Number of protein chains: 2
Amino acid sequence: MSVTAPAGFEAAGVAAGLKTTGKPDVAVVVNRGPRKVGAAVFTSNRAKANPIIWSQQAAADRVVEAVVLNSGGANCFTGSFGFQTTHQTAEKAAELLGVSAGDILVCSTGLIGVGDEVFRGKVLSGTEQAIAALSTDGGQVAAEAIMTTDSVSKTAVVTRDGWTIGGMAKGAGMLAPGLATMLVVITTDAVLEPLEADAALRAATGRTFDRLDSDGCMSTNDQVTLLANGASGIAPGVEEFTAALAELSQELAVKLQGDAEGASHDITIEVQHAATEAEAVEVGRSVARNNLFKAAIFGNDPNWGRVLAAIGTTSAQFDPYDVDVWMNGVRVCSEGGPDRPREEVDLTPRATHLVIDLKVGEATATILTNDLTHDYVHENSAYAS
Amino acid sequence: MSVTAPAGFEAAGVAAGLKTTGKPDVAVVVNRGPRKVGAAVFTSNRAKANPIIWSQQAAADRVVEAVVLNSGGANCFTGSFGFQTTHQTAEKAAELLGVSAGDILVCSTGLIGVGDEVFRGKVLSGTEQAIAALSTDGGQVAAEAIMTTDSVSKTAVVTRDGWTIGGMAKGAGMLAPGLATMLVVITTDAVLEPLEADAALRAATGRTFDRLDSDGCMSTNDQVTLLANGASGIAPGVEEFTAALAELSQELAVKLQGDAEGASHDITIEVQHAATEAEAVEVGRSVARNNLFKAAIFGNDPNWGRVLAAIGTTSAQFDPYDVDVWMNGVRVCSEGGPDRPREEVDLTPRATHLVIDLKVGEATATILTNDLTHDYVHENSAYAS
């Protein structure tokens with residue numbers, strides 16, 4: 001059901017020829033009101049694509065009418081021509097929807113450097129076609145239209161008493177947290193004030209999408225947008241809404257992890273007893289970005305030495321000689337030395353659970369990552385993406 | 001010629017059974033004087049192997065008589081038993097050489113977590129055998145005895161007017177700068193004061209070994225040791241000595257890069273016109289650690305978008321829309337946009353030259369790295385190392 005699960009949203013996905021496969025590549029999600037609350041978080045990469053530069057301005061007043069998204073080209077590092085393409089896309093959508101261009105967000109994904117006249121023509125005609133095709137059933141095809149190297153479309157719906165949140169996400173490579181780490185559109189018919197929507201989105205993404213670090217590579221185009229129209233007439237408390245939004249965000253983050261390029265393991269890194277949550281995140285991320293650890297997991301090798309070597313590169317409080325490490329339930333390292341034999345660890349399942357007990361404080365954090373595989377190298381070397 | 005090229009040094013390498021292949025695995029390098037000046041730099045990984053903990057103390061007075069090195073086990077995270085093994089190794093060498101154990105440095109390399117009674121027995125008997133075999137011709141076999149996944153031994157000699165520097169290095173994976181990034185022993189018969197030796201070593205390694213970042217993974221066991229005995233009777237100026245030491249260090253660093261596990265490209269990343277040297281290093285390293293860029297080079301794909309995306313994650317001063325990128329002499333990106341067609345770039349040679357012009361200031365830095373290949377994944381997943 002995706003983004004059209006909540007009341008008062010329409011979406012569409014159409015094939016505009018940006019993908020050589022002829023599959024859908026332009027999506028539009030429109031908020032039919034009554035409220036037009038919008039909040040968005042953007043990649044913290046300082047090299048930002050044109051749609052990011054545009055959308056940051058357009059979302060600043062927290063009023064968003066619609067989001068136009070394309071795959072098949074990132075429109076990043078395409079100069080002023082590329083920025084004009086984004087601007088024209090917003091103008092085109094605004095004209096057809098009868099709203100202000102300043103309330104249209106634009107997202108692009110695909111190869112950096114793609115954004116010539118042919119690209120522009122296809123994006124503009126795709127926007128027109130998609131708006132003509134808008135429907136309350138369009139959530140699924142919209143989710144398909146934003147796929148790049150994704151093997152499956154990713155959608156999620158969370159329903160509460162009388163109100164709903166729906167979402168779609170794309171992302172398979174260049175997955176590492178800036179603030180957002182992929183293209184995501186989330187809709188809700190709950191009644192939210194603009195600042196509530198903003199706070200809920202930042203809180204939910206900070207603990208979900210922002211803790212997914214598949215390959216350590218931060219995108220130039222990432223954006224997570226929340227549209228809230230109040231169509232349900234129900235105003236949940238901010239805390240309740242944030243919890244539901246985090247649930248949906250985590251579901252999408254896990255789907256992104258599960259479809260990461262070439263991965264053969266989904267690794268959950270749970271850091272326990274850190275001094276602070278920030279240090280727990282730092283430790284988890286340092287392990288998630290360690291190629292030797294990631295390659296070992298691909299080889300079903302419970303190489304805890306590489307885990308400790310990665311922790312040693314952080315500034316987190318810990319005693320290297322008082323750390324415990326579990327892999328899939330087996331304590332392979334205790335007090336910084338070998339514990340159970342590595343033969344006891346079964347790393348054949350795709351789901352891999354690593355627990356690191358720092359024994360310092362009470363803070364905890366969980367980072368999601370993937371292994372480093374032949375297929376990851378193949379997919380990212382054989383084709384430009 | 002290796003470490004025995006300068007006058008007054010002896011070395012040996014013997015097979016003590018630590019390597020299952022029966023190849024040499026214990027090396028000793030001894031300074032026969034007259035001076036016993038020693039300086040060392042160590043991994044900045046906070047998870048330090050037992051030999052690092054020992055050697056940091058032993059080198060503190062800048063008097064070093066000998067270095068004992070073993071491959072076939074890192075003696076890291078092996079508890080107090082492992083530390084005692086290191087201590088006993090130093091005691092054994094000191095006894096046989098008739099010097100103080102506090103003047104013996106110890107280095108180990110191999111799998112983390114290896115350091116049991118069998119390991120200890122082999123290291124101690126290997127130390128005894130190696131000391132019995134010491135000779136002024138022993139440099140080459142010593143270099144072979146410290147190899148792990150290295151495919152070739154790495155040695156270098158720099159000769160000046162009447163004095164010489166010799167060196168040996170090992171390292172093929174887990175190659176990323178802490179301060180030192182591998183096991184290296186460098187000898188010289190130049191006359192140096194202890195503080196001069198220390199300053200020269202830090203200056204030379206800071207711009208050579210410390211700028212080699214093959215796979216972003218920092219070792220727990222890295223150590224670079226300089227032994228200076230003054231046997232030539234010649235005291236070069238510190239500046240002259242540092243320049244010669246940097247030349248030798250760079251030669252060894254390039255050999256390490258050339259033998260990096262599974263690599264098919266040696267990538268030189270030259271960052272120009274940065275605001276500061278530190279920012280140039282930060283930019284170079286961010287690109288060197290970007291898996292998507294590294295995989296693209298493996299695939300002979302001049303993917304400059306991934307270069308700019310990596311730069312965007314740094315805190316260096318730059319304008320994403322005024323950066324130029326050259327690959328093997330072709331400007332593929334100018335002012336943050338596409339320039340020459342990618343077809344013009346020939347990435348088939350192993351040597352790959354990337355130039356990033358930040359157009360901000362006058363500082364420059366060069367980082368050496370490798371591509372991310374199927375073989376890297378294979379070597380680091382199929383075997384525990």
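Chain A is annotated in an unreviewed UniProt entry as Arginine biosynthesis bifunctional protein ArgJ of Microbacterium hydrocarbonoxydans. As recorded by UniProt, the Sequence similarities (unreviewed entry) comment attached to chain A reads in full: "Belongs to the ArgJ family."

Engineer: Can you walk me through the confidence of the model for chain A in this structure?
Structural biologist: Parts of the prediction with low pLDDT should not have their coordinates interpreted in detail. Residues at a pLDDT of 70 or more form 97% of chain A, whose mean pLDDT is 90. Across residues 177-181 of chain A, where pLDDT falls below 50, the model places 27 contacts with residues more than four positions away in sequence or in other chains.

Engineer: Teacher, can you tell me more about the relation of the copies chain A and chain B here?
Structural biologist: Both copies of the chain are related through a single rotation about an axis accompanied by a shift along the same axis. Overlaying chain A on chain B yields an RMSD of 0.0 Å, the required transformation being a rotation through 180° with an accompanying axial translation of 0.0 Å. Taken together, the turn and the small shift mark the pair as related by a two-fold rotation axis. Minimal C-alpha distance to the rotation axis in chain A is attained by A:His374, lying at 2.6 Å. A share of 100% of the interface residues of chain A reappears at the interface of chain B, consistent with the copies meeting face to face through the same patch.

Engineer: So what exactly am I meant to see when it comes to the packing of aromatic side chains here?
Structural biologist: For any pair of aromatic rings, the description rests on two quantities: the centre-to-centre distance and the angle between the ring planes. Throughout the structure, instances matching the rule amount to eight aromatic pairs over all chains. Seen from their ring centres, A:Trp54 and A:Phe83 are 6.3 Å apart, and the 55° between their planes marks the pair as tilted. Highlighted residues: A:Trp54 in helix H1 (residues 50-58) and A:Phe83 in helix H2 (residues 79-97), separated in sequence by 29 residues. You can call A:Trp54 buried: its relative accessible area is 12%. Cluster of aromatic residues (ring-pair linked, three or more members): A:Phe77, B:Trp304 and B:Tyr321. Positioned above the aromatic ring of B:Phe81, the side-chain terminus of B:Arg120 is 3.7 Å from the ring centre.

Engineer: Just to check I follow, could you spell out the interface of chain A and chain B for this structure?
Structural biologist: Reports often express the size of an interface as the amount of accessible area lost when the parts come together. Residue-level contacts link 56 residues of chain A with 56 residues of chain B. At the boundary of chain A and chain B, one finds zero salt bridges. The interface formed by chain A and chain B contains five residue pairs in polar contact (both at pLDDT 80 or more). Of all the secondary structure elements, the ones that give two or more residues to the side of chain A that touches chain B are H1, helix H8 (291-298), helix H9 (304-311), strand S13 (337-338) and helix H10 (374-381) of chain A. It is H10(A) that contributes the most residues to the side of chain A that touches chain B, six residues altogether. Looking at side-chain class alone, the side of chain A that touches chain B contains 26 nonpolar, 24 polar and six charged residues.

Engineer: What is the right way to read helix H2 (residues 79-97) of chain B from this model?
Structural biologist: Helical geometry note: an α-helix holds 3.6 residues per turn, so side chains three or four residues apart project in the same direction. All names here are of chain B. Taking 1.5 Å per residue, 19 residues should reach 27 Å; H2 reaches 28 Å between its end C-alpha atoms and fits that length. For H2, every residue scored as buried is listed here: Gly82, Thr85, Thr86, Thr89, Ala90, Ala93, Ala94 and Leu97. Projected down its long axis, H2 shows its buried positions confined to an angular sector of 165°, all on one face. Counted as exposed and oriented over 90 degrees from the buried face of H2: Ser80 and Glu95. Summarising the contacts, the buried residues of H2 are in contact with strand S2 (26-31), helix H1 (50-58), strand S4 (66-70), strand S5 (104-108) and helix H3 (117-132). One or two positions beyond H2, positive phi appears at Gly98, with a value near 70°.

Engineer: Could you clarify how one ought to interpret the sheet that holds strand S8 (residues 183-188) of chain B in this entry?
Structural biologist: What links the strands of a sheet is backbone hydrogen bonding, and the strands pair in either a parallel or an antiparallel sense. Residues and elements named next belong to chain B. Sheet architecture is open: five strands sit in the order S3-S9-S8-S7-S6, paired in mixed fashion. Strands with a single pairing partner mark the edges of an open sheet, and in this sheet they are strand S3 (37-42) and strand S6 (154-159). The sheet shows a mean angle of 10° between the axes of neighbouring strands, taken without regard to direction. For S6 and strand S7 (residues 164-170), the ladder comprises six bridges, and the chain directions are antiparallel. Across the sheet, residue Thr159 finds its bridge partner in S7, namely Thr164. On top of the sheet, helix H5 (residues 194-206) reaches S3 and strand S9 (223-228); it is set at about 30° to S3, its chief contact. Together, S6, S7, S8 and S9 form the strand contacts of helix H6 (residues 238-258), whose direction differs from that of S6 by roughly 155°.

Engineer: How should I be thinking about the pattern of salt bridges in this particular structure?
Structural biologist: One side chain can pair with another of opposite charge once the charged atoms of both are near each other. Tallied over the entire structure, the rule returns 38 salt bridges over all chains. Note that A:Asp198 is salt-bridged to A:Arg202, the shortest N-O span being 2.9 Å. Within this pair, A:Asp198 and its partner A:Arg202 are both found in helix H5 (residues 194-206), separated by four residues, close to a single helical turn. A relative accessible area of 11% means that A:Asp198 is categorised as buried. Accessibility expressed as a relative area gives 40% for A:Arg202, which makes it partly exposed. In this structure, B:Lys359 engages B:Asp324 in a salt bridge whose closest nitrogen and oxygen atoms are separated by 3.0 Å. Separated by 35 residues along the polypeptide, B:Lys359 in the loop between strand S14 (351-357) and strand S15 (363-370) and B:Asp324 in strand S11 (residues 324-327) bring together distant segments of the chain. When its relative accessible area of 32% is taken as the criterion, B:Lys359 is described as partly exposed.

Engineer: Sorry, what's going on with unusual backbone geometry here?
Structural biologist: Among all residues save glycine, negative phi is the norm, and among peptide bonds the norm is trans. Omega for the peptide link from A:Gly33 to A:Pro34 comes to 15°, which places this bond in the cis form. Note that A:Pro34 resides in the loop between strand S2 (26-31) and strand S3 (37-42). The backbone of B:Asn75 shows a phi angle near 45°, a positive value even though the residue is not glycine. Even without glycine at this site, B:Phe77 takes up a positive phi of about 55°. Counting through the fold element by element, B:Phe77 comes out in the loop between S4 and H2.

Engineer: Would you take a moment to explain the UniProt feature "binding site: substrate" (unreviewed entry) in chain A for this structure?
Structural biologist: Residues and elements named next belong to chain A. Those residues carrying the UniProt feature "binding site: substrate" (unreviewed entry) are Thr148, Lys170, Thr181, Glu261, Asn380 and Ser385 in this numbering. By secondary structure assignment, the location of Thr148 is in the loop between helix H4 (139-145) and strand S6 (154-159). With sequence-adjacent residues up to four places away left out, Thr148 is seen in contact with Ser71, Thr109, Gly110 and Lys170. Structurally, Glu261 can be placed in the loop between helix H6 (238-258) and strand S10 (266-274).

Engineer: Is there a simple way to explain the sheet that holds strand S7 (residues 164-170) of chain A in this structure?
Structural biologist: Residue and element names in this part refer to chain A. The sheet built from five strands is open, its strands ordered S3-S9-S8-S7-S6 with mixed pairing. On the outer flanks of this sheet lie S3 and S6, each paired with one strand and no other. On average, adjacent strands in this sheet sit at an angle of 10° to one another, irrespective of strand direction. On top of the sheet, H5 reaches S3 and strand S9 (223-228); it is set at about 30° to S3, its chief contact.

Cut-offs and rules
- Sequence order sets the numbering: in each chain, residues are counted from 1 along the sequence as written.
- All chains are assigned letters beginning with A, and all ligands numbers beginning with 1, in the order in which they are written.
- Owing to the predicted nature of the model, reporting of local features is limited to residues with pLDDT of at least 70; listing and counting of side-chain atom pairs is limited to 80 or more, with chain, interface and lining totals taken over all residues.
- Calculation of side-chain values draws on the structure's entire complement of heavy atoms; hydrogens and water are dropped beforehand.
- UniProt positions are given in the numbering used here, feature names are shortened, and annotations may be inferred rather than shown by experiment.
- pLDDT runs from 0 to 100 and stands for how confident the predictor is about each residue.
- We call two residues contacting when some pair of their heavy atoms lies within 4.5 Å.
- Least-squares superposition aligns the copies on the C-alpha atoms of those residues with pLDDT at or above 70 in both.
- Each pair of aromatic rings taken from Phe, Tyr and Trp, with Trp reduced to its six-membered ring, is defined by centres within 6.5 Å and is described as stacked if the planes are under 30 degrees apart, edge-to-face if over 60, and tilted in the remaining cases.
- Labels follow the DSSP assignment, with helices taken as runs of H or I lasting at least four residues and strands as runs of E lasting at least two, numbered in each case from the N terminus.
- When a residue's accessible area, from a 1.4 Å probe over protein chains only, is under 20% of the maximum for its type it is buried; when over 50% it is exposed; and in between it is partly exposed.
- A ring has a charge above it when a Lys NZ or an Arg CZ is no more than 6 Å from the ring centre and no more than 35 degrees off the ring normal.
- Only one rule defines a salt bridge in this text: a Lys or Arg side-chain nitrogen within 4 Å of an Asp or Glu carboxyl oxygen.
- Distance and chemistry together define a polar contact, namely a pair of N or O atoms within 3.5 Å, with one atom able to donate a hydrogen and the other to accept it when in protein, and with adjacent residues in sequence counting only for side-chain atoms on both sides.
- In the scheme used here, Gly and all other residues not listed as nonpolar or charged are polar, with Ala, Val, Leu, Ile, Met, Phe, Trp, Tyr, Cys and Pro taken as nonpolar and Asp, Glu, Lys and Arg as charged.
- Here, expected helix span is obtained from the residue count minus one, scaled by 1.5 Å.
- This arc corresponds to the set of directions leading from the helix axis out to the C-beta atoms.
- Note: two strands are recorded as paired if DSSP finds a minimum of 2 bridges between them.
- Inter-axis angles, ranging from 0 to 180 degrees, are taken between N-to-C directions of lines fitted to C-alpha atoms, where helices are fitted over the stretch in contact.

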